[in-house]
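Spelled out, the chains give:
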Amino acid sequence: MKRKHLLTMLAVLTLGVAGAVAPMAMSQAAAACVTPYNNSAVYTGGMTASYNGRNWTAKWWTQGEAPSTGGSNVWQDNGGCDGNSGGGGGNTGGCNYPNWVAQQPYSTGAIVRYTNGQYYQATHDNPGYDPVISTWYWSPYSCSGGGGNNGGGNNGGGGTSGFVVSEAQFNSMFPGRNGFYTYAGLTDAMKKFPTFATSGSDTVKKQEAAAFLANVSHETGGLVYIDEINQANWPHYCDTSQSYGCPAGQSAYHGRGPIQLSWNFNYYAAGNALGIDLLRNPNLVATNSSISWQTGLWYWNTGTGAAGMTSHTAMVNGSGFGTTIRAINSIECNGGNSGQVASRVSLYTRFAGILGVPTGGNLYC
């Protein structure tokens, strides 16, 4: 406060001497931006950060949830602040940030204009990585300064899809994926499962998305395989005790799709739930991207396995990633195949990092 009063007095004195200097309306000046938000840092109650042209105070422990008035409500909005290009997104009006330059070092909080005309803010120090490709280091930036869906470190808003994973992030997760597994197919499939990756805080939504994608990545070798690799197993998935039998043939119900839907009874149940005759047309899971993703989401949201709950429930209620493994393939748990469990956990950890959220506890089963 003493510094503020001193500046006001100096302004008045200068006006009296020169008669040509406009008085400064200090009472209307925005507060200075505090240290920019760091997506990887841990914030505890009372700690401050600037983000998208506003100062924020953490109410309790948080990590990986960028300041906004939504999400878990962990952040208190302290109002607009006056910053610069390295000050956590100071501009709350029109954008006038510099163009992004490849291989030019950027510090956390720096804002640039990319070649597509959109703006991005560095969430981690980087040596000039591409904002669209290196989404761990950059997140979309809104010049309105309102925070909103641009919160969350590596922004999860997938454009018009509404998915918390952007298409660029999806592509970075699966650089060698089979073209069959499209982002558009996934977002279309999600329309039948409106609670998937939309329940809970922004962090929980992203954790669920990361957990689902990590499991499907493990099941398909990084979204490379559509059909089960070992064809010798194909004839073994027909349970003839079922009244409806195997009308598509003895070998027609092998693993397909992102969670490798298998057995005639699973094709029957999934088809009934989705309104598609998969019992007689099981190959739709290998030829229609949306239907294929729908079967994966169907099991994620309905299958409990040995977990006693669905994978969706496990991620929303905080039971942890390990419970999703038990729901999908409990044979791996309790030492059954620790290498496979470690593979799933490694993928989940990487994907959670891309989305800028912590993994949470109970990772193993």
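Residues numbered from 1 in each chain as written. Predicted model: local features only at pLDDT ≥ 70, side-chain atom pairs only at ≥ 80, totals over all residues. Heavy atoms only, no water.

Asker: Help me understand the confidence of the model for the protein in this model?
Answerer: Any region with low pLDDT has predicted coordinates that should not be read closely. For the protein, per-residue confidence averages 79 on the pLDDT scale, and residues scoring 70 or more make up 77% of the total. Here helix α1 (residues 2-18) stands out as the least confident element of the protein, with mean pLDDT 34; helix α4 (residues 202-220) is the most confident, with 96. Taken as a whole, residues 84-94 scores under 50 in pLDDT and shows 41 contacts with residues more than four places along the chain or in a different chain. When the criterion is pLDDT under 50, residues 144-160 qualifies, and its contacts beyond four places in sequence or with other chains add up to 58 contacts. (pLDDT = per-residue confidence, 0-100. Helix = DSSP H or I, 4+ residues; strand = E, 2+ residues; numbered from the N terminus. Contact = heavy atoms within 4.5 Å.)

Asker: Could you clarify how one ought to interpret the state of the cysteines in this entry?
Answerer: In protein structure, a disulfide is the covalent linkage between the sulfur atoms of two cysteines. Using the criterion set out here, one finds two disulfides in the structure. Sulfur-sulfur distance for the disulfide between C238 and C246 comes to 1.9 Å. Torsion about the S-S bond of the C238 and C246 cystine: about 110°, corresponding to right-handed handedness. Grouping residues by exposure puts C238 and C246 together as buried. Here C333 connects covalently by a disulfide to C365, the sulfurs 2.0 Å from one another. (Disulfide = S-S within 2.5 Å. Buried < 20%, exposed > 50% of the residue type's maximum accessible area, 1.4 Å probe, protein only.)

Asker: For this particular structure, what's the right way to read the packing of aromatic side chains?
Answerer: The way to describe two aromatic rings as a pair is by their centre distance and the angle between their planes. The final tally for this structure, using the stated rule, is 17 aromatic pairs. Through a chain of ring-to-ring contacts, three or more aromatic side chains come together here, namely F163, F170, F174, F180, Y181, Y183, F196, F212, W293, W300 and F351. (Phe/Tyr/Trp six-rings, centres within 6.5 Å; stacked < 30°, edge-to-face > 60°.)

Asker: Looking at this structure, I do not really get the sheet that holds strand β9 (residues 138-141). What am I missing?
Answerer: Picture the strands of a sheet paired through backbone hydrogen bonds; they go either parallel or antiparallel. Strands sit in the order β7-β8-β9 across an open sheet of three strands; the sheet is antiparallel. Looking at strand neighbours, the two that pair on one side only are β7 (111-113) and β9, the edges of this open sheet. Pairwise comparison of adjacent strand axes, ignoring direction, gives a mean angle of 35° for this sheet. Two strands pair when backbone bridges link them, and β7 and strand β8 (residues 119-122) are joined in this way by three bridges, in the antiparallel orientation. Its bridge partner lying in β8, V112 is registered against Y120. (Pairing = 2+ DSSP bridges. Axes fitted to C-alpha atoms, helices over the stretch in contact; angles between N-to-C directions.)

Asker: What is the right way to look at the nonpolar core in this model?
Answerer: The tendency in soluble globular proteins is for nonpolar side chains to be buried side by side. Counting 61 residues, the largest nonpolar core has F163, F212, L213 and W293 as the members making the most contacts within it. Excluding residues that lie within four positions of it along the chain, L213 makes contacts with V165, F170, M173, F174, L186, W293 and F351. Counting residues in hydrophobic clusters, the runner-up holds eight residues, among them W100, Y106, Y114 and Y120. (Core = buried A, V, L, I, M, F, W, Y, C linked by side-chain atoms within 4.5 Å.)

Asker: Explain the pattern of salt bridges here, please?
Answerer: A side chain of one charge can pair with a side chain of the opposite charge when the charged atoms of the two come close. In this structure the tally under the stated criterion is seven salt bridges. As a salt-bridge pair, D77 and R54 come within 2.9 Å of each other at their nearest N and O atoms. A residue pair is termed long-range when its members are at least 10 positions apart, and D77 in strand β6 (residues 75-82) and R54 in strand β4 (residues 54-58) qualify at 23 residues. The shortest N-O distance in the salt bridge between D227 and R256 comes to 3.7 Å. Here D227, found in the loop between α4 and α5 (264-274), pairs with R256, found in the loop between α4 and α5; they are 29 residues apart in sequence, far enough to count as distant. On the basis of relative accessibility, which here comes to 4%, the residue R256 falls in the buried class. Among the ionic contacts, a cluster of salt bridges with common partners joins E219, E332 and R344. (Salt bridge = Lys/Arg side-chain N within 4 Å of Asp/Glu carboxyl O.)

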